[in-house]
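Structural characterization, general
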Amino acid sequence: MLTKLSRYIIILLIIIVAAVYLPNFYWMIFQKSVGSPSIYYSPLKDDFVYRQWNRLTGSKYYDSVGNTITDREFRITLPFFYYNDLAKWGILPDSVKAFEFDKKKVKAEMQMLRINSKDFHDPLIQLWPLIESQSKYSRLSMPDEFFRITDRIEFIDPDSNKVIEDMSEMFTNAMKEAGFKFPDKFIFGNPTTRKSFDEGYFIVDNENNTYHLKKIKGKPFCKKTSIPNDLDIKRIFIQENSRKEFYGLLFTNSNDVYLITYENYKLIKLPIQNYDSDKMKFIFIADPLFRTINFSDNEKSISVVTDKNYNFVDKFEIISTPKENTIAGKIERSLFLFDINTQSSNTQYINFNININYLFGLIGIALSLIIFFIIKRKKQFNYKENWFDIVIITLTGVYGLVAVLIIKPGYWD
Amino acid sequence: MFKSIIYKEWIKTRWVVIISFLAVFITLIYIQLEVRHYIELMTAFANWLYIVQRKMLYYEIFKYFPLIIGAVISILQFVPEMSKNRMRLSYHLPISEKKLLLSMTFIGFSLLIVNLAIIIGGLVEISYIYYPTEIVQSMLFTIFPWLLGGIAIYFLTSTIILEPSWKYRIILIIIAFAFLKLLFMEGGYNEYQFSIWKYVLIIVFFPLMVLFPGHRFRKGIN
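1. Section: the interface of chain B and chain A
Taken together, the contacts link 53 residues of chain B with 47 residues of chain A. Interface area for chain B against chain A, summed over the two sides, is near 4,400 Å², with a carbon-plus-sulfur share of 71%. Together, F45, W48 and F212 of chain B form the three largest contributors to the area buried by chain B at its contact with chain A, with a combined 16%. Note that K55 of chain B and D122 of chain A form a salt bridge whose closest N and O atoms lie 2.6 Å from each other. The element best represented in the side of chain B that touches chain A is helix α6 (residues 166-181) of chain B, accounting for eight residues. Residues that form the side of chain B that touches chain A fall into these classes: 35 nonpolar, eight polar and ten charged.

Structure, rendered in structure tokens:
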């Protein structure tokens, strides 16, 4: 009995390894690499244009109806992005709509945020540096300590690996005075010195209220924001930008996206639908006239354009065939009943996710069983002793067939 | 009977015990020196920041240690048995082949666990000198799949050595390699946090794996 079980453990291991690697090998051979399109809104044409990358043809450019345009035409329609090229060609426009074209002004009014689904699923050690936000110097510099939040805020000195009591007490008191209820739920910040100024952290307390914490001249600044506590915040991405329009983007678990403005933390909801932060890339672009919000996965790319006040202007959608729905994908799904996914472009975590291809997979099972019976018809096969082999093939299809054929049953006692 | 098996396994593996203890010990000292050097060179703050934000694994030198120790223990235990078909004699002992194989692997496995415990203990001890709990915890989360890899390779190697036919051996080597690779894919810390229990669930069954090749050997399959 144990010996039989031993054989099935080896078979199970082969099935697992096959389910991880075989579908990958399959796609290495049959996948055609097509990049998802980059969509832009042209203020000259009041319409969308896009660029699509393809391994065979390279970058190709299209207008919104799908006509090919040249690289040069593409750049000309997007003066806010390619003003340097336009200037070189001597065709910089004097004005675009009401905006008088000035390179410096364009540069000052552009802002871009890219957020990948990976950014939501990335392990982070919860130790944070609190940067001095009113530094004596022109550049930001890192502080000397990290903070953590437990039932109070604690600053730790890396040199001694000990808590700095007076500083911790000062900040804990300031946070308590502001109404903060320890411990925290989330800490969101942008702790880097490669930016022109620092806005500290947005911290969600135990009652789901969001507080803004900064260090100003060594002293705590803690303020309760007006961000409602029933938003179900997933993540806040802070991006300090000299435009000072908003602190950053707030994503909720129901896939709504808000800007946290400098106007007393007032939220502006972006007019987008069908966004899924667990699967899609998200790009926010502010230019002098419009706001473009692009989000895409391998099935669709959606672009929504608003005016400067975030009123909806236009929307564009490109549907692409995901690899699962191509002929190669259909064959893959019928060949392999399931696959085991360990790494994904949507997460930094290593998984062990089993994806089952229900209906299509039945074809693979039927085929595997037929092959098994044909092979075993000629040779002696002890069905009474090894009936479980057939169960395995029925449950795992091609993988099980391969494993059972390789690791033959023994001459059981 | 079990006592004499322990004695025999000890004779075969005592050198690896001493050498691996030494190697682990020296490596632990090396890590400590290296961390101290980093801190001297770039300040403790920068060192922490490098660990937290850039995801440097200061203990990465240990990554393949459990694999090596696991494989070596298994080789020392089973290669001498398989050369000149000595295992045939063992199978004539007044103990069933299953019990014999399971006790042998149990002894080797215990030895491996002691080794892994020393690695964990040493790393925790050193880490607490320089780092706060958060970093020490993430170290434990991060090395766990490596330790699991050591356990898995021990049983896989034993199975491969005990297997009498070369055709099966080669297949098993490929499968073992492909499976072990899954435990060493991290690019930073804590990446197996949500899936590690699934890997544990698979490896829990590995100790029984040696029985099938043992059975094939006794039945005289080549």
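2. Here's the deal with a nonpolar patch on the surface
A cluster of nonpolar side chains, contributed by L22, F25, M28, I29 and F30 of chain A, occupies part of the molecular surface with about 530 Å² of accessible area. Structurally, the position occupied by M28 of chain A is in helix α1 (residues 2-30).

3. Looking at the pattern of salt bridges
Throughout the structure, instances matching the rule amount to 27 salt bridges over all chains. Taking the shortest distance from any N to any O, the salt bridge between E245 of chain A and R291 of chain A comes out at 3.8 Å. In this pair, E245 of chain A sits in the loop between β16 (233-238) and β17 (246-252) while R291 of chain A sits in strand β21 (residues 290-296), placing the two residues 46 residues apart along the sequence. There is no split in this pair, since E245 of chain A and R291 of chain A are both buried. For K266 of chain A, the salt bridge identified is with E263 of chain A, shortest N-O distance 3.8 Å. On the basis of relative accessible area, K266 of chain A is assigned to the partly exposed category, the value being 43%. Through salt bridges with shared partners, a single ionic network connects R148, R152, E154 and E165 of chain A together with E134 of chain B.

4. A word on the confidence of the model for chain B
Averaged over every residue, the pLDDT of chain B is 91; residues scoring 70 or more account for 99%. Scoring of the predicted complex yields 0.92 for pTM and 0.93 for ipTM.

5. A look at the domain arrangement of chain A
Split by domain assignment, chain A resolves into domain 1 (2-32 + 327-406), domain 2 (38-109) and domain 3 (112-286). Using C-alpha coordinates to define each centre, domain 2 of chain A is positioned 35 Å away from domain 3 of chain A.

6. Looking at the environment of K308 of chain A
Residues and elements named next belong to chain A. Mapped onto the elements of the fold, K308 is located in the loop between β22 (300-307) and β23 (312-319). We classify K308 as partly exposed; its relative accessible area is 41%. Considering only alpha carbons, one finds K308 and R194, 114 residues apart in sequence, at a separation of 27 Å. Apart from the residues within four sequence positions on either side, K308 is in contact with E109, E245, P288, L289 and R291.

7. What to know about helix α8 (residues 211-218) of chain B
With seven of its eight residues buried, α8 of chain B lies for the most part within the structure. Of the positions making up α8 of chain B, those classed as buried are L211, F212, P213, G214, H215, R216 and F217 of chain B. On its buried face, α8 of chain B is in contact with α1 of chain A together with α2 (65-82), α3 (87-90), α4 (97-130), α5 (133-162) and α6 of chain B. Looking at the residues trailing α8 of chain B, positive phi occurs at G220 of chain B, about 75 degrees.

8. A word on the pairing of β17 of chain A
Residue and element names in this part refer to chain A. Among the seven residues in β17, seven count as buried, and that is most of the element. Sheet analysis places β16 next to β17, joined by five bridges and oriented antiparallel. What sits directly across from I236, in β17, is L250. The antiparallel pairing of β17 with strand β18 (residues 257-261) creates a hairpin that spans four residues between the two strands, and N255 there sits at a positive phi of about 65 degrees.

9. Describing the packing of α4 of chain B against α8 of chain B
All names here are of chain B. α8 packs onto α4 with a crossing angle of 135 degrees between their chain directions and a minimal axis gap of 10 Å. Overall, the two elements α4 and α8 adopt an arrangement that is oblique. Regarding α4 and α8, the two cross each other, and that crossing is right-handed. Contacts between α4 and α8 involve E97, K98, L101 and L102 on the former and, on the latter, L211, G214, H215 and R218. Grouping the amino acids of the contact of α4 with α8 by side-chain chemistry returns three nonpolar, two polar and three charged.

Calculation criteria
Residues numbered from 1 in each chain as written. Chains lettered and ligands numbered in written order. Predicted model: local features only at pLDDT ≥ 70, side-chain atom pairs only at ≥ 80, totals over all residues. Heavy atoms only, no water. Contact = heavy atoms within 4.5 Å. Buried area = accessible area lost by both parts, 1.4 Å probe. Salt bridge = Lys/Arg side-chain N within 4 Å of Asp/Glu carboxyl O. Helix = DSSP H or I, 4+ residues; strand = E, 2+ residues; numbered from the N terminus. Nonpolar A, V, L, I, M, F, W, Y, C, P; charged D, E, K, R; others polar. Patch = residues over 30% accessible without salt bridge, like charges linked within 9 Å, V, L, I, M, F, W, Y side chains within 5 Å. Areas by Shrake-Rupley, 256 points an atom, 1.4 Å probe, with all protein chains shown as cover. Buried < 20%, exposed > 50% of the residue type's maximum accessible area, 1.4 Å probe, protein only. pLDDT = per-residue confidence, 0-100. Domains from an automatic or database assignment. Pairing = 2+ DSSP bridges. Axes fitted to C-alpha atoms, helices over the stretch in contact; angles between N-to-C directions. Parallel < 35°, antiparallel > 145°, perpendicular 65-115°, else oblique. Left-handed = near helix turned anticlockwise from the far one by under 90°.

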